[in-house]
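# Secondary and tertiary structure notes
These are the residues of each chain, in order.
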Amino acid sequence: MDPVTADEVRAATFRARRGGYQETAVDFALEAFVVALETQAKRPVRLAMAEPTGELLHEEWFETQAARVERVAFRPGRMGTGYNEDEVDAFLDRVVATLRGTTEFPVTAKEVRQAKFSTVLFRSGYLIADVDSFLADIADVLERRG
């Protein structure tokens, strides 16, 4: 049997089912798996929130998390309401730079937890619940960055 590819994971679809898994959680887990498949690390990459060990694996884990932030795709807001996409995208760019250690002004976990974005009406915006959930997860990652 051939190994699963990143494209196969991306193409996977699931039917929604009452009482099933939380859609956002599954999306995040699958995205982390796609990143791990694409990086093809020589050593196993620990997915999701597993604590990294060893300096090389530690840096690979943060790179995986940065790639996950770059690739996140939020659903559109409902009823024409959502977070301003440009503001969220700019903030996530700062998060990526922090995770990679390429900024003089890193974002803290506290800043991520307290992030506020303007909302838009009757135009394209990100689903508020998706962004808030993702940022809560990323705040936990940033606490490990130190």
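Heads up: these notes are all about the structure in this document.

Cut-offs and rules
- Every chain's residues receive numbers from 1 upward, in the order its sequence appears when written.
- Only residues with pLDDT of at least 70 are given local features in this predicted model, and only at 80 or more are side-chain atom pairs given and counted; all residues enter the totals for whole chains, interfaces and linings.
- The basis for the side-chain values is all heavy atoms of the structure; hydrogens and waters are excluded.
- Note that patches include only residues with greater than 30% relative accessible area and no salt bridge, and the join distances are 9 Å for like charges and 5 Å for nonpolar side chains (Val, Leu, Ile, Met, Phe, Trp, Tyr).
- Residue burial considers only the protein chains on display, and all accessible areas are found by Shrake-Rupley using a 1.4 Å probe.
- Think of a salt bridge as a Lys or Arg side-chain nitrogen and an Asp or Glu carboxyl oxygen that are within 4 Å of each other.
- Only four residue types enter the charge count, namely Lys and Arg as positive and Asp and Glu as negative; His and the chain termini do not.
- By convention, the charge on Lys lies at NZ, on Arg at CZ, on Asp at CG and on Glu at CD.
- The numbering of helices and of strands both runs from the N terminus, where a helix is a DSSP run of H or I of at least 4 residues and a strand a run of E of at least 2.
- Accessibility here uses a 1.4 Å probe with only protein chains present; expressed as a share of the type maximum, an area under 20% marks a residue as buried, one over 50% as exposed, and anything in between as partly exposed.
- Pairing of N or O atoms within 3.5 Å defines a polar contact, subject to two protein rules: one partner must be a possible hydrogen donor and the other a possible acceptor, and residues neighboring in sequence count only if both atoms are side-chain atoms.

### Things to note about a negative patch on the surface
A cluster of acidic side chains, namely D86, E87, D89 and D93, defines a negative patch on the protein surface. Structurally, E87 is set in helix α4 (residues 85-100). With relative accessibility at 31%, the residue E87 sits in the partly exposed group.

### Section: the pattern of salt bridges
Within the structure shown, the criterion is met by 6 salt bridges. R100 serves as the salt-bridge partner of E70, at 2.9 Å between the closest nitrogen and oxygen. Of the two residues, E70 is situated in helix α3 (residues 55-71) and R100 in helix α4; the sequence distance between them amounts to 30 residues. With relative accessibility at 31%, the residue R100 sits in the partly exposed group. Among the ionic pairs, R113 bridges to E143, the shortest N-O distance being 2.9 Å. Of this pair, R113 sits in helix α5 (residues 109-114) while E143 sits in helix α6 (residues 128-145); the two residues are 30 residues apart in sequence, bridging distant segments of the chain.

### Some thoughts on the environment of E59
Note on placement: E59 falls in helix α3. Distance from E59 to G101, taken between C-alpha atoms, is 9.9 Å for residues 42 residues apart in sequence.

### Things to note about the side chain of D130
With respect to the element layout, D130 can be found in helix α6. A distance of 2.7 Å separates polar atoms of two side chains, one belonging to D130 and the other to R75.

### A word on unusual backbone geometry
With phi around 60 degrees, F122 is a residue other than glycine that occupies positive phi space. Tracing the chain through its elements places F122 in the loop between β2 (119-121) and α6.

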